[in-house]
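Each chain, written out:
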Amino acid sequence: MPASMHRQPSWASADHNFNDDDELNSSASQQPLEQAEPDPDISREGPLLLSTRVEYSALPKGQTQAVFGLVTIQAPETAAKVATPDADEERRPMDVVCVLDVSGSMDSHNKIGDLKEAVRFIIDESQPQDRLSIVTFNSQAQRKLKLRRMDRQGKHEATVETMRLSASGGTSIAAGLDMGLAVLEKRRQRNKVSAVLLLTDGQDHSSSAHLKTLTQRAAKAGCGLYAFGFGVDHDADLLREISEQARTPYTFIENTATVKAAFAGVVGGLSSIVAQRVELTLDCQATLKDVNTPFAVTRQGENGATVTIPDVFAGERRDILVELSIPADLPGTSEDGSTVLLQASARYQDLRSSRGVLVQTSAVQMTVQRVDEVQPEMEPDVEVSDQRDRVQVTRTLEQAAQCSDAGQFEQAQQLIREQRSKVSKRQSVVAEALSLELEDAEDRMRSRSSWQVGAAEVKDAFQMHKMQRCTNTFASASSAVTKKSKAMYMNSTQAAWTSKSSRG
């Protein structure tokens, strides 16, 4: 094989000397990276609620049964006092790096102008303890602003650099991400909440091979990675792959004038984070056949697993759908006929206080009644059914999108119709929203021309449902139906931020 085939891109060998981040006010929550954080306090009281449900509350004795169960982690909206843009309260400080595409295509349709407005909104709404860095990329990357505190002088410098942005050249998303991540990796101190916001409108066929390394770096640096795609010509598959590996939503921006609201939705969500590094432990008495979640799962034999979730916003929930095989002679049945199927507990970092508090929850049980009836008469649990539908609709949308990418539109529509017929039989708010999502996707998969316009919207949708998180509530102008899905995943803080962004 020629040596050129092994040649690393020029950005991969760059030695970024970015240990020039602005100093933070000394605080127990803001630690130098080179120093180990002090041992956290350990508590059983925290902002997350843990609960379980089972598909059927009663099962016949003496029979092997397959059943679905649901383990839910939820952070109520009241889990933390979070500041909205219009409020004066302080909130958790953030380190945010904006990685911005300034390639030649950004010069069309006022994209660069809308991008400037979006970044200026983030600057204006930042608090003095927040820090912001700006990295731009075309065929190469440049750091335009170091990780700068957003005091009056910092905001002025950030605004000046933003207004100087201009578009030219090609597109190397990997070069931009590499530099943006280096800003956070090399910082001398850190705010506990940090994120990279990546925005691009272009195609980039050179970056895909580097995505795994880049997203692993983001996870190691403890930062979220949020990808935004402008217009129908951007590389939706590449950005969705980034989001898949980063375990964040992918945001399709159909109208560039709404990019400010999308940025606001993410930053509003980040400002409401109440827990990080959530480790959910499942200890099953029955056989754990499958764990349906997009988050990292570590299995412990046939009866256990640990699910790792990077963070949780106030008002969010994470639903882990488990499939269990219950043997006929499962031990542990009590006098009242109930049998414990699994125990769930969680361990996580509570971000509500200035000093890190490690929370270890008590275990909660998932139980079922074993009864003498051969076929107990009852309806399945509504919430378990809702989450089964969400998981299956997400898979169907993803499979149908793959068929459409391959030009197999009849097969794609057949998949959608079959799933929609199942979901439409149920009466629930979630089922209605999912049915509308499928109806919209079916319309976008009619032909090559409709798919060219609609592909990014569908891929945004299934990534949103998979992660149970989104960044905005604006409707697609090309949608044939009025969808309701986004409202399922936006919290009140995000809504407040996006509302203010539309007023400016």
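Let me sum up the structure you'll find in this document. Please read these numbers as outputs of a predicted model, since none were measured by experiment.

**A few points about the overall build of the protein**
The secondary structure content of the protein amounts to 11 helices and 20 strands. Counting across all 504 residues of the protein, residues that qualify as buried make up 57%. Across the protein, the fraction of contacts at a sequence separation of at least 24, relative to all contacts at a separation of at least 6, is 78%. With the model as given, the accessible surface of the protein reaches about 21600 Å², and the carbon-plus-sulfur share is 45%.

**Quick word on the sheet that holds strand 14 (residues 287-292)**
Here we have four strands laid out as an open sheet, ordered 3-5-17-14, and antiparallel in their pairing. Each edge of the open sheet is held by one strand with a lone partner, namely strand 3 (49-54) and strand 14. Strand-to-strand twist in this sheet, taken as the mean axis angle between neighbours without regard to direction, amounts to 25°. Here helix 7 (residues 382-405) sits on the sheet in contact with strand 3, strand 5 (65-74), strand 14 and strand 17 (317-326), set at roughly 100° to strand 17.

**Regarding the packing of aromatic side chains**
Scanning all chains against the criterion turns up two aromatic pairs. Ring centres of F121 and W497 lie 6.4 Å apart, and the angle between their planes is 85°; this geometry places the pair in the edge-to-face category. Placement of F121 in helix 1 (residues 111-125) and of W497 in helix 11 (residues 492-503) is noted, with a sequence separation of 376 residues between them. Assessed through its relative accessible area of 2%, W497 is described here as buried. In this arrangement the basic side chain of R469 is found over the ring face of F313, its NZ or CZ atom lying 3.6 Å from the centre.

**Observations regarding the packing of helix 7 against helix 8 (residues 409-423)**
Between two packed helices, both the angle of their axes relative to each other and the distance between the axes serve to describe the pair. Their axes nearest at 8 Å, the elements helix 7 and helix 8 cross at an angle of 170°. With respect to their mutual orientation, helix 7 and helix 8 come out roughly antiparallel. Here the hand of the crossing between helix 7 and helix 8 comes out left-handed. Contacts from D389, Q392, V393, T396, L397, Q399, A400, C403 and S404 of helix 7 reach helix 8 at F409, Q411, A412, L415, I416, Q419 and V423. Residue classes in the contact of helix 7 with helix 8 are distributed as nine nonpolar, six polar and one charged.

Cut-offs used in this document
- Residues numbered from 1 in each chain as written.
- Predicted model: local features only at pLDDT ≥ 70, side-chain atom pairs only at ≥ 80, totals over all residues.
- Heavy atoms only, no water.
- Helix = DSSP H or I, 4+ residues; strand = E, 2+ residues; numbered from the N terminus.
- Buried < 20%, exposed > 50% of the residue type's maximum accessible area, 1.4 Å probe, protein only.
- Contact = heavy atoms within 4.5 Å.
- Areas by Shrake-Rupley, 256 points an atom, 1.4 Å probe, with all protein chains shown as cover.
- Pairing = 2+ DSSP bridges.
- Axes fitted to C-alpha atoms, helices over the stretch in contact; angles between N-to-C directions.
- Phe/Tyr/Trp six-rings, centres within 6.5 Å; stacked < 30°, edge-to-face > 60°.
- Lys NZ or Arg CZ within 6 Å of the ring centre and 35° of its normal.
- Parallel < 35°, antiparallel > 145°, perpendicular 65-115°, else oblique.
- Left-handed = near helix turned anticlockwise from the far one by under 90°.
- Nonpolar A, V, L, I, M, F, W, Y, C, P; charged D, E, K, R; others polar.

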